[in-house]
Amino acid sequence: MKYLRTFCLVGALSLAASVFAQAPAATPNAQAKKTAPPTIASAIDVQVGILEREFVSAAEAMPDDKFNFAPGSLNIPNSEYKGVKTFAEEVRHVAATNYLLWGTITGDKSPIESKEDNGPSSLKTKAEIIKYLKDSFALGHKAAQSITAENAAALVPSPFGPGQTTKLFCATFSVAHGFDHYGQMVEYLRMNGIIPPASRSGN
């Protein structure tokens, strides 16, 4: 038995040495990435990325012919869905608010000027609205990556009216706002028999 244990130990050590020898040496850049401490910018950027993944996939999951769906069309007894946003308006509203908040940080303007709460009504098709949404998240990453410990509390004009707020508020509140509307979009998808991508098996 003693010889068997010794044989197994030697075999395991030999296998480990073989695997280690075959593994590529870590490059200085790879080592730096592993050891780089998180920053305010990287923490916010992760949040923007999570919202982007969940929200964009939900928007893309709704078929073209149901993109203007609103629960009021179901005529559910005793419901209070009259006048609520359509699915398309939910997406446009969030994209427009993304531009408003993140643009306050970077100085960038929305490519389509609109003061409508539901975003630019000139965007009609699913493809147009999805592009507008994705472009707003590109701005979100730019805004997040510009935040530092030194400028996070810097005052900027409030995007919602008179007064001031901070860059950090604009960077993070857009994520909170997006997830609020994401929850509504999930209900819209399920009302149409569609499982939200984030809830599907394997996700």
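For the structure, see preceding data.
Quantities reported herein were computed from a predicted structural model and do not represent experimental measurements. (Residues numbered from 1 in each chain as written. Predicted model: local features only at pLDDT ≥ 70, side-chain atom pairs only at ≥ 80, totals over all residues. Heavy atoms only, no water.)

Asker: I'd like a description of the overall build of the protein chain, backed by residues and values.
Answerer: Per the secondary structure count, the protein chain includes 6 helices and 2 strands. Of the regular secondary structure in the protein chain, the N- to C-terminal order runs α-α-α-α-α-β-β-α. Evaluated residue by residue, the protein chain yields a buried proportion of 37% over its 203 residues. Counting only contacts in the protein chain whose residues sit at least 6 apart along the sequence, the fraction spanning at least 24 positions is 72%. About 12300 Å² of surface is accessible on the protein chain, with carbon and sulfur atoms providing 60% of the total. (Helix = DSSP H or I, 4+ residues; strand = E, 2+ residues; numbered from the N terminus. Buried < 20%, exposed > 50% of the residue type's maximum accessible area, 1.4 Å probe, protein only. Contact = heavy atoms within 4.5 Å. Areas by Shrake-Rupley, 256 points an atom, 1.4 Å probe, with all protein chains shown as cover.)

Asker: Explain the side chain of Asn 151 to me, using residue names and the numbers behind them.
Answerer: Along the polypeptide, Asn 151 turns up in the loop between helix H5 (126–145) and strand E1 (155–157). In this structure Asn 151 comes out as buried when scored by relative accessible area, which is 17%.

Asker: Tell me about the environment of Ile 112, and please be specific about residues and values.
Answerer: Following the sequence through the fold, Ile 112 ends up in the loop between helix H4 (87–106) and H5. When its relative accessible area of 25% is taken as the criterion, Ile 112 is described as partly exposed. Taking the C-alpha atoms as reference points, Ile 112 and Ala 96, separated by 16 residues in sequence, lie 9.1 Å from one another. In this structure, Ile 112 is in contact with Pro 120, Ser 122, Leu 123 and Tyr 132, ignoring residues within four places of it in sequence.

Asker: Outline unusual backbone geometry, listing residues and values.
Answerer: Not every positive phi belongs to a glycine, and Asn 75 is a case in point at roughly 50 degrees. Checked against the element boundaries, Asn 75 lands in the loop between helix H3 (40–61) and H4. Phi at Asn 78 is positive, roughly 65 degrees, even though this residue is not glycine. Note that Asn 78 resides in the loop between H3 and H4. Residue classification places Asn 78 among the exposed residues on the basis of a relative accessible area of 83%.

Asker: How would you explain the nonpolar core if you had to name every residue and give the values?
Answerer: In terms of nonpolar packing, the biggest core is built from 42 residues, with Phe 55, Phe 67, Phe 87, Val 91, Trp 102, Leu 133 and Phe 137 touching the most fellow members. Looking at this core, the elements with two or more residues in it are H3, H4, H5 and helix H6 (167–191). Setting aside residues no more than four positions away along its own chain, Phe 137 makes contact with Val 48, Leu 51, Glu 52, Phe 55, Val 56, Asn 98 and Trp 102. (Core = buried A, V, L, I, M, F, W, Y, C linked by side-chain atoms within 4.5 Å.)

Asker: Run through H3, naming residues and quoting values.
Answerer: In this model, H3 (22 residues) spans 32 Å end to end at C-alpha, consistent with the 32 Å of a helix rising 1.5 Å per residue. Of all the positions in H3, only Ala 41, Ile 44, Asp 45, Val 48, Leu 51, Glu 54, Phe 55, Val 56, Ala 58, Ala 59 and Ala 61 are classed as buried. On its buried face, H3 sits against H4, H5 and H6. (Expected span 1.5 Å × (residues − 1).)

Asker: Got a sec to walk through H6? Specific residues and values, please.
Answerer: With 25 residues, H6 should cover 36 Å at 1.5 Å per step; its first-to-last C-alpha distance of 37 Å lies within 8% of that length. One or two residues past the end of H6 sits Gly 193, with phi positive at roughly 70 degrees.

Asker: Tell me about the packing of H4 against H6, and name the residues and values.
Answerer: One way to put it is that H4 packs onto H6 with a least axis distance of 9 Å and a crossing angle of 175 degrees. Here H6 runs roughly antiparallel to H4, going by the angle between their axes. Across the contact of H4 with H6, the residue classes tally to 13 nonpolar, 9 polar and 2 charged. (Axes fitted to C-alpha atoms, helices over the stretch in contact; angles between N-to-C directions. Parallel < 35°, antiparallel > 145°, perpendicular 65-115°, else oblique. Nonpolar A, V, L, I, M, F, W, Y, C, P; charged D, E, K, R; others polar.)

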